[in-house]
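Structural characterization, general
Chain residues, written in single-letter form:
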Amino acid sequence: MTTWERFSVVTAADARFYAFELDLRYHATEEEGHHLYIDLLMEQTRATNESFGTNLPPISTRRVSTRMEYSLGKWIFGWEGSLHEAASHLAPYELPTDRYFMWGADVNCRLRESARGTVDVFWVGSNLSDEEGRPHGFYLKDLTPVPGRSVKVGLRMRW
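The paragraphs below set out a description of the structure included in this document.

The rules behind the values
- Residue indices follow the written sequence of each chain, beginning from 1 at its first position.
- Given that the model is predicted, a residue must reach a pLDDT of at least 70 before its local features are reported, and side-chain atom pairs must reach 80 or more before they are shown or counted; all residues, however, enter totals for whole chains, interfaces and linings.
- Side-chain numbers here rest on the full set of heavy atoms in the structure, without hydrogens or water.
- Should DSSP find at least two bridges between two strands, the strands are taken to pair.
- Going along the chain from the N terminus, every DSSP run of H or I of four or more residues is numbered as a helix, and every run of E of two or more is numbered as a strand.
- What counts as a ring pair is set by centres within 6.5 Å for rings of Phe, Tyr and Trp (its six-membered ring), and what kind of pair is set by the plane angle: stacked under 30 degrees, edge-to-face over 60, tilted for all other angles.
- Buried residues are those whose accessible area, probed at 1.4 Å on protein chains only, stays under 20% of the maximum for their type, while exposed residues exceed 50% and partly exposed ones sit between those limits.
- As a reminder, the over-ring test applies to NZ of lysine and CZ of arginine, requiring each to be within 6 Å of the ring centre and within 35 degrees of the ring normal.
- Contact definition: two residues touch when any of their heavy atoms are within 4.5 Å.
- Polar contacts here mean pairs of N or O atoms no more than 3.5 Å apart (in protein, one a potential hydrogen donor and the other a potential acceptor; neighbouring residues in sequence count only if both atoms are side-chain atoms).
- Criterion for a salt bridge: a side-chain nitrogen of Lys or Arg within 4 Å of a carboxyl oxygen of Asp or Glu.

1. Comments concerning the pairing of strand 6 (residues 100-114)
The pairing of strand 5 (residues 75-84) with strand 6 spans 10 bridges and is antiparallel. Within the sheet, the bridge partner assigned to Gly78 lies in strand 6 and is Asp106. The pairing of strand 6 with strand 7 (residues 117-126) spans nine bridges and is classified as antiparallel. The residue bridging Arg112 from the neighbouring strand is Val119, located in strand 7. Between strand 6 and strand 7, which pair antiparallel in sequence order, lie two residues.

Here it is in structure tokens:
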């Protein structure tokens, strides 16, 4: 039986899901002209097949993320890191995934703001350490990892 045949069989079964999400924001500084926010996000999901007593695929692993954002006038600077835990509750025929850590940064500058709209220029860096990550909740994780290091520069107009 090939890998594709294993995942193409769908059978109805009773399932039990357990999940939690924690999303906190600490306002470290919030004054006229500048602010500093620190965010913490934690989420986890578990799912079991009650009919067969096994785990369900593909369920994402625990993720813990933090973000720090500082604004000064028209500038906003951000830094974030995200830890994705290794898969420990595998379903039948599932392959394990390793834990990985991603970090990124961003800068945004508001060039124009009026009643008619805004114009921003931005820079976003993702996976800056060029870490190989394979999200456990993705069926093709063994074939395609998350994108490597990337940097985007752009102009955003809203009206």
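There is more to say, and it comes next.
2. Regarding the packing of aromatic side chains
On inspection of all chains with the given rule, the structure shows one aromatic pair. Ring centres of Trp75 and Phe77 lie 6.0 Å apart, and the angle between their planes is 5°; on these two criteria the pair is classed as stacked. Its relative accessible area of 37% is what places Trp75 among the partly exposed residues. Arg156 extends its terminal NZ or CZ atom over the ring of Phe122, reaching a point 4.5 Å from the ring centre.

3. Looking at the environment of Glu132
Relative to the assigned elements, Glu132 resides in the loop between strand 7 and strand 8 (150-158). Spatially, the C-alpha atoms of Glu132 and Arg99 are 9.7 Å apart, while their sequence positions differ by 33 residues. If we skip the residues at most four places from it in the chain, Glu132 touches Tyr100 and Pro145. A distance of 3.0 Å separates polar atoms of two side chains, one belonging to Glu132 and the other to Arg134.

4. Things to note about the pattern of salt bridges
Taken as a whole, this structure holds 12 salt bridges when the rule is applied. Taking the shortest distance from any N to any O, the salt bridge between Arg25 and Asp39 comes out at 2.7 Å. Taken together, the residues Arg25 in strand 1 (residues 15-31) and Asp39 in strand 2 (residues 34-49) connect sequence positions 14 residues apart. You can call Arg25 partly exposed: its relative accessible area is 42%. For Asp39, a relative accessible area of 14% translates into the label buried. Because the salt bridges share partners, they merge into one network encompassing Arg67, Glu69, Glu80 and Asp106.

5. Describing the side chain of Thr48
Note on placement: Thr48 falls in strand 2. At 3.0 Å, the side chain of Thr48 and the side chain of Glu50 are in polar contact. In this structure Thr48 touches Asp14, Ala15, Arg16, Thr54, Asn55 and Leu56, once residues within four positions along its chain are discounted.

6. Re unusual backbone geometry
Although it is not a glycine, Tyr93 adopts a positive phi angle of roughly 70°. One non-glycine residue, Asp130, lies in the positive phi region at around 55°. For Asp130, the position within the fold is in the loop between strand 7 and strand 8. Note on Asp130: relative accessible area 43%, which makes it partly exposed.

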